Amino acid sequence: MGRLAELVAGFAMILRLSRDIQSISADEELADGQILSGDVPEKPVVFYESCLAFEADVLRGQAFESTRRLSYQPFIEALRPRIDRENAPEDLLHDVWLAELARLFPELHERYPDLPNMVADTSMARNHLFEAMTRLLAALAARTPLLLFLDDVHWADTVTLDLLHYLARYFM
């Protein structure tokens with residue numbers, strides 16, 4: 001299994017390969033999603049560039065140069081499938097926060113037509129949206145370990161980076 005397995009010997013690893021290292025990894029007979037070795041540790045999680053030492057709910061979004069003008073696109077891409085899988089998002093969050101999230105996920109209004117209106121004050125609207133995103137991720141993480149992968153963040157717009165900074169301050 002080569003150097004990668006030696007680096008994290010004794011850990012249960014679920015390999016997550018980025019596109020740029022898949023061909024290199026194939027030479028060492030490593031495949032995306034492969035469990036390499038060991039038991040799930042009870043010590044702190046170890047994260048390496050291409051592997052995880054535990055299983056988690058993985059949310060993945062990506063910024064593209066062509067979507068640089070689409071605010072929050074990596075977060076929308078990462079969270080939309082997870083919200084769609086949720087049987088009852090209202091069990092995760094109060095309607096006030098669901099209404100804020102509906103700004104990014106309009107399908108929530110279809111599922112819950114009685115959601116209250118969003119904050120009209122634009123200076124507060126962004127703060128409320130950021131808080132709603134924080135509460136959603138915290139509620140999901142309270143159920144099961146959660147990993148949020150945002151690829152190519154260097155292509156993200158300013159408000160997406162602001163949200164990432166807000167979340168980092170909360171979760172760090």
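Preceding this section is the structure that the text describes.
The present account deals with the structure reproduced in this document.

The rules behind each value
Residues numbered from 1 in each chain as written. Predicted model: local features only at pLDDT ≥ 70, side-chain atom pairs only at ≥ 80, totals over all residues. Heavy atoms only, no water. Helix = DSSP H or I, 4+ residues; strand = E, 2+ residues; numbered from the N terminus. Buried < 20%, exposed > 50% of the residue type's maximum accessible area, 1.4 Å probe, protein only. Contact = heavy atoms within 4.5 Å. Areas by Shrake-Rupley, 256 points an atom, 1.4 Å probe, with all protein chains shown as cover. Core = buried A, V, L, I, M, F, W, Y, C linked by side-chain atoms within 4.5 Å. Phe/Tyr/Trp six-rings, centres within 6.5 Å; stacked < 30°, edge-to-face > 60°. Polar contact = N/O pair within 3.5 Å; in protein donor to acceptor, adjacent residues only side chain to side chain.

The next point concerns the overall build of the protein. Counting its secondary structure elements, the protein contains seven helices and five strands. Counting only residues that meet the buried cut, the protein has 40% of its 172 residues in that class. Long-range pairs, those at least 24 residues apart, make up 69% of the contacts in the protein with a sequence separation of at least 6. A total accessible area of about 10,300 Å² is found for the protein, and carbon and sulfur atoms account for 52% of it.

Tyr 72, Leu 79, Leu 101, Phe 105, Leu 108, Met 133 and Leu 136 are the most contacted members of the largest nonpolar core, which totals 31 residues. Those elements giving two or more residues to this core turn out to be α3 (73-85), α4 (95-101), α6 (122-143) and α7 (158-171). For this core, the element with the highest residue contribution is α6, accounting for eight residues. Ignoring sequence-local partners within four residues, the contact set of Met 133 consists of Phe 75, Leu 79, Leu 101, Leu 104, Leu 163 and Leu 167.

Taken as a whole, this structure holds two aromatic pairs when the rule is applied. Seen from their ring centres, Tyr 72 and Phe 130 are 6.4 Å apart, and the 85 degrees between their planes marks the pair as edge-to-face. Pair noted here: Tyr 72 is in the loop between β4 (57-62) and α3 and Phe 130 is in helix α6, with a separation of 58 residues, a long-range link. In this structure, Tyr 72 and Phe 130 share a single accessibility class: buried. Grouped by ring-pair contacts, the aromatic residues Tyr 72, Phe 130 and Tyr 166 constitute a single cluster.

Before going further, it helps to spend a moment on the side chain of Glu 107. Relative to the elements of secondary structure, Glu 107 occurs in helix α5 (residues 107-111). Take Glu 107: its relative accessible area is 18%, and that puts it in the buried class. Only 2.8 Å separates the side chain of Glu 107 from the side chain of Arg 80, close enough to count as a polar contact. Filtering out sequence-adjacent residues up to four positions away, Glu 107 remains in contact with Arg 80 and Asp 84.

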